[in-house]
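Survey of secondary and tertiary structure
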Amino acid sequence: MKALAGIRVVDFSWVRAGPWATRWLGAFGAEVIKIEWPENERGRLPSTTTPQHLEVNLNTSGNFNDTNVNKKSLSLNVRTAKGLDIVKRLVAVSDIVIENFSSRVLRNWGLGYDELRRIKPDIVYVSMSGYGHTGRHHHYTTFGPVAQAVSGLTYLSGLPGQPPAGWGWSYMDDTGGMYGAMGAMTGLYHRNMTGQGQHIDLSQMVASVPLVGPALLDFTVNGRGSRRPGYPPGNRAHWPGAPLAANHRGGPTVAPHNAYRTDPGGYNDWCVIACQSDDEWRQLVRVMGSPAWAGDDKFATVAGRLEHQEALDDGIEAWTRTLGKYAATEQCQAAGVRAMPVQSAEDRVEHDPQLRQREMYLEMEHPALGRHKVQNAPFKLSETPAVNSMPSPMIGEHTREIVEGLLGLPHEELQAGFADGTFWPTQRARFPYQEEMLR
Amino acid sequence: MMDASLPPGPLAGLRVLELAGETGQFCGKLLGDLGSDVIKIEPPGGEPCRRLGPFVDDIPHPERNLSFWYYNTSKRGITLNLETADGRALFRRLAATADIVLETFPPGHLSSLGCDYAALSKDNPGLILCSLTPFGQTGPWRDYLSSDLLHMAAGGEMASSGYDEADVPNAPPIAPGGGNAWHMGCHFAYMAIVAALVHRTVSGRGQYIDASIHEACALTTESAIANYVYRGEVLERHTGRHHAAGPSPRTQFRAADGNYVCALVGGRLNPKYMKELADLLDTNGMAGDLRDPKYQDQAVITANTSHIVDELVAGFIASLPAEEVYHRAQERGFTWGAVRAPEQLLADPHLADRGFWKEVAHPELGRNVTYPGEAAIYNGSPWRISRRAPLMGEHNAEILCGELDLSPGELTMLAENRVI
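Please read all numbers here as calculations on a predicted model, not as lab measurements.

Thoughts on the confidence of the model for chain B
Per-residue pLDDT for chain B averages 96, and the proportion of residues at 70 or more is 99%. For this predicted complex, the interface score ipTM comes out at 0.98, while the overall pTM is 0.98.

So, in structure tokens, the structure goes:
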């Protein structure tokens, strides 16, 4: 049994944030129909995740595959009268529409909320644009890093006195996707309870702002901004010598609280250690073999450890350098000391015993890519597990199934639509599976 | 604050019991701001995270904690000692009235109190119980201690974030700030809970959810896993921009006021873009040689990427304040942004147009406080902050006497015996 069994989603989204949203609707069992057009496709190409031995084409992006499992693909030129008609027929038998175009695009195509609710009065329509459909900058555009910069997220990450380090990826594409899925399912629950659909206007930039809430309240209440000496404090809870103030990381102001090099000293050979009490610190000292330096009175109190962090961190790192990051973690955790390895993607997939036991990465066969591990859900539902059931679709793979099977059009219309450029550009070579569906 | 003329939120009518500390309280806020009746159950003396700063006027006090305020809007609060039989009995009575229980105890603790899913759902088959824990209910790490920093390390966030060697030699991987491990866990927990709610509208049945913060973090690094799985690549950290398998053009530039601008230019350079870029840089007379016809040849553009990015674009940005660069660029269709400190957002007119900032009354302090608002505008069933975070035990009488029908004498007895 799936939580969203029987729910159909018309998915106009592309690149990352929107597809990451609909990926979860698919995992919960909704039938997600991705509307795609190869001429202006963004998400399959350009691909930097195609295996080295394969040709880069619309069906060989590894990242696209992971982002689009559990979906179907309908290739359709929406900017033709015939294409528009097919979309409207599809919306009439669907529950959710999700799109992540700039704010006025779908309305200009005649597919805005006001038009679509005439076709399906209780449709849940989620717009995921950069700045939202409301507000003077609705026409501004974002990528994850821009949303992160403008909202203050980037600023909160880095070493004091250095440029912001920010986030090394589009955190707000991932998280914008979360809010898209949350909005769609919340709207769906509300529809099931009241019979009412609605338009949900999600903005990637605005969705970033609630994630810096405590820093904002520190400013609106105390007038303390984040542009201040010693902030942000890198991996520490507090930068030595700066005035003491909360760091907004959601934990106490303590030391040690840092990243330390481990053996053999490679690029990702680091572990982090944080002691949230004197007791945890004393345990760490025991785990380190009670070295003489650690017995110095200046390290006996949290105030002393905060003041003398340079010496403290040097001493701890001298110990961690003698161990691998997993060994350091296990020794600390066995003694009740907070520690974890810095894990690369390879570490998570190959070496993390917890993720392995929880079956985070299970293999799945894809017709063009072959057999590869795909990311699973971070939650286990006892009655309606969210497990991956299908690899990502090849472009237009389900066009016949949807046009003939779902919408009930005759096979001749499919053939005519391929001939007149509704289902595939007339000048563009077709994939073998498309030739097959035209027979 | 609360506008009675607005329709109810999308989760109106649902009751949530929240047994959550700093790791899960944001999930309760997400549920409460969208209309659920969230009852936060704290141990007598309050949730330990009430002790975390910052505090109002820097005066430490459990009722003046700004982070607690922020993450506990739209909730009512009671105190209940689940280590006592009386406390557990009251909790079970409340759970019989609940749609959702959210808990963040160490694995096995709820069960040891006789309050696991089987016990709580016996007379309430529609109940959804979500356990949100650092590593989940099973596996070799399930009992490990954690913190935001630890999750940023194990989840892969740190491996992707940091500095170019040229900018900060020997820099460690940097854990992104802001307490986002808890946000990631709470986003996924919220999603699972609402999926279970949708299922319940059809089946009438609730269920148990085992959600893991570590897995949520491990899932939130965009293409890092795909780069490894499909190409065997382990990515490098770069200052203020994407991890990558090798060097990449910089995207963060210092503006005239010392603030930074995020400008994604490299990788987008083509003949059409070059003309638009020349127009933008010319607004401050900084186009240099960009109008030279040679830049209509892609090969010449590619060969001159460093000149275009590191000299011309960097020079233009260095000539103006960051906010000015941001708006000039966006008005011309460039996806650029100022790297702002959070406090700059209060002056953002776009957020004001969206009615983003909310004034929330704190009557016991005689003041209103400005809070950040909603990620998304729900046009048919609005998001709202229905009340400020509860004071410790604020709703004990309202809920225990008003709803569970305890007498004032019983309430006193429970307080004397440290049950509430």
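The rest of the description comes next.
Quick word on the sheet that holds strand 5 (residues 128-133) of chain B
Ordered in space as 12(A)-6(B)-5(B)-4(B)-1(B)-2(B)-3(B), the 7 strands form an open sheet in which the pairing is mixed. Because the sheet does not close on itself, it has two edges, and the strands there are strand 12 (379-381) of chain A together with strand 3 (75-79) of chain B. Between one strand axis and the next, the sheet turns by 15° as a mean value, whatever way the strands run. Bridging between strand 4 (residues 100-103) of chain B and strand 5 of chain B involves 4 bridges; their strand directions are parallel. Each bridged residue has a counterpart across the sheet, and for B:L102 the counterpart in strand 5 of chain B is B:C130. Strands strand 1 (15-19), strand 2 (37-42), strand 3, strand 4 and strand 5 of chain B of the sheet are contacted by helix 1 (residues 25-33) of chain B, whose axis makes an angle of about 150° with strand 2 of chain B. Helix-sheet contacts for helix 8 (residues 180-203) of chain B involve strand 12 of chain A together with strand 4, strand 5 and strand 6 (207-212) of chain B, and the interaxial angle to strand 5 of chain B is about 165°.

Describing the domain arrangement of chain B
Each assigned domain of chain B is listed with its residue range as follows: domain 1 (15-220 + 358-416) and domain 2 (248-254 + 260-339). Measuring from the centre of the C-alpha atoms in domain 1 of chain B to the corresponding centre in domain 2 of chain B gives 45 Å.

Remarks on the sheet that holds strand 9 (residues 338-341) of chain A
Residue and element names in this part refer to chain A. Spatial strand order, 7-8-9: 3 strands in an open sheet with antiparallel pairing. Strands with a single pairing partner mark the edges of an open sheet, and in this sheet they are strand 7 (257-261) and strand 9. Neighbour-to-neighbour, the strand axes of the sheet open up by a mean angle of 20°, direction not taken into account. Note that strand 8 (residues 270-274) and strand 9 share 4 bridges and pair antiparallel.

Quick notes on the environment of B:F55
All names here are of chain B. Position of F55 relative to the elements: it lies in the loop between strand 2 and helix 2 (66-71). A tally of 23 C-beta atoms within 10 Å means that F55 is categorised as buried. As a C-alpha pair, F55 and G393 span 338 residues in sequence and 20 Å in three-dimensional space. Sequence-distant contacts of F55, that is, excluding residues within four places in its chain, are made with P60, H61, R64, N65 and L66.

Focus: the pairing of strand 8 (residues 241-244) of chain B
Residues and elements named next belong to chain B. Bridging between strand 7 (residues 236-238) and strand 8 involves 2 bridges; their strand directions are antiparallel. Following the sheet pairing, E236 is matched in strand 8 by A244. Connecting strand 7 to the next strand, strand 8, in antiparallel fashion are 2 residues, including G240 with a positive phi near 60°.

A closer look at helix 9 (residues 213-222) of chain A
Of all 10 residues making up helix 9 of chain A, 8 are buried, and the element is well covered by its neighbours. Within the span of helix 9 of chain A, buried status applies to A:G213, A:P214, A:A215, A:L216, A:L217, A:D218, A:F219 and A:V221. In the core, the buried residues of helix 9 of chain A are packed alongside helix 2 and strand 13 (367-371) of chain B. A:G223, located one to two residues past helix 9 of chain A, shows a positive phi value of around 70°.

Here we look at the interface of chain B and chain A
With 128 residues of chain B at the interface, the matching set in chain A holds 130 residues. The element best represented in the side of chain B that touches chain A is helix 8 of chain B, accounting for 16 residues. A breakdown of the residues in the side of chain B that touches chain A according to their chemical character gives 71 nonpolar, 41 polar and 16 charged.

A closer look at helix 1 (residues 17-27) of chain A
Residue and element names in this part refer to chain A. Burial within helix 1 is extensive, with 11 of its 11 residues counted as buried. Every buried residue belonging to helix 1 is among A17, G18, P19, W20, A21, T22, R23, W24, L25, G26 and A27, and all of these are buried. Directly beyond the C-terminal end of helix 1, a positive phi value near 105° is found at G29.

Here's the deal with the environment of B:H183
Mapped onto the fold, B:H183 is located in helix 8. Taking the C-alpha atoms as reference points, B:H183 and B:G24, separated by 159 residues in sequence, lie 8.4 Å from one another. B:H183 has contacts with A:L211 and B:F26, leaving out every residue within four places of it along the chain.

Quick notes on the rules
Residues numbered from 1 in each chain as written. Chains lettered and ligands numbered in written order. Predicted model: local features only at pLDDT ≥ 70, side-chain atom pairs only at ≥ 80, totals over all residues. pLDDT = per-residue confidence, 0-100. Pairing = 2+ DSSP bridges. Helix = DSSP H or I, 4+ residues; strand = E, 2+ residues; numbered from the N terminus. Axes fitted to C-alpha atoms, helices over the stretch in contact; angles between N-to-C directions. Contact = placed C-beta atoms within 7 Å. Domains from an automatic or database assignment. Buried ≥ 20, exposed ≤ 12 C-beta atoms within 10 Å, placed from the backbone. Nonpolar A, V, L, I, M, F, W, Y, C, P; charged D, E, K, R; others polar.

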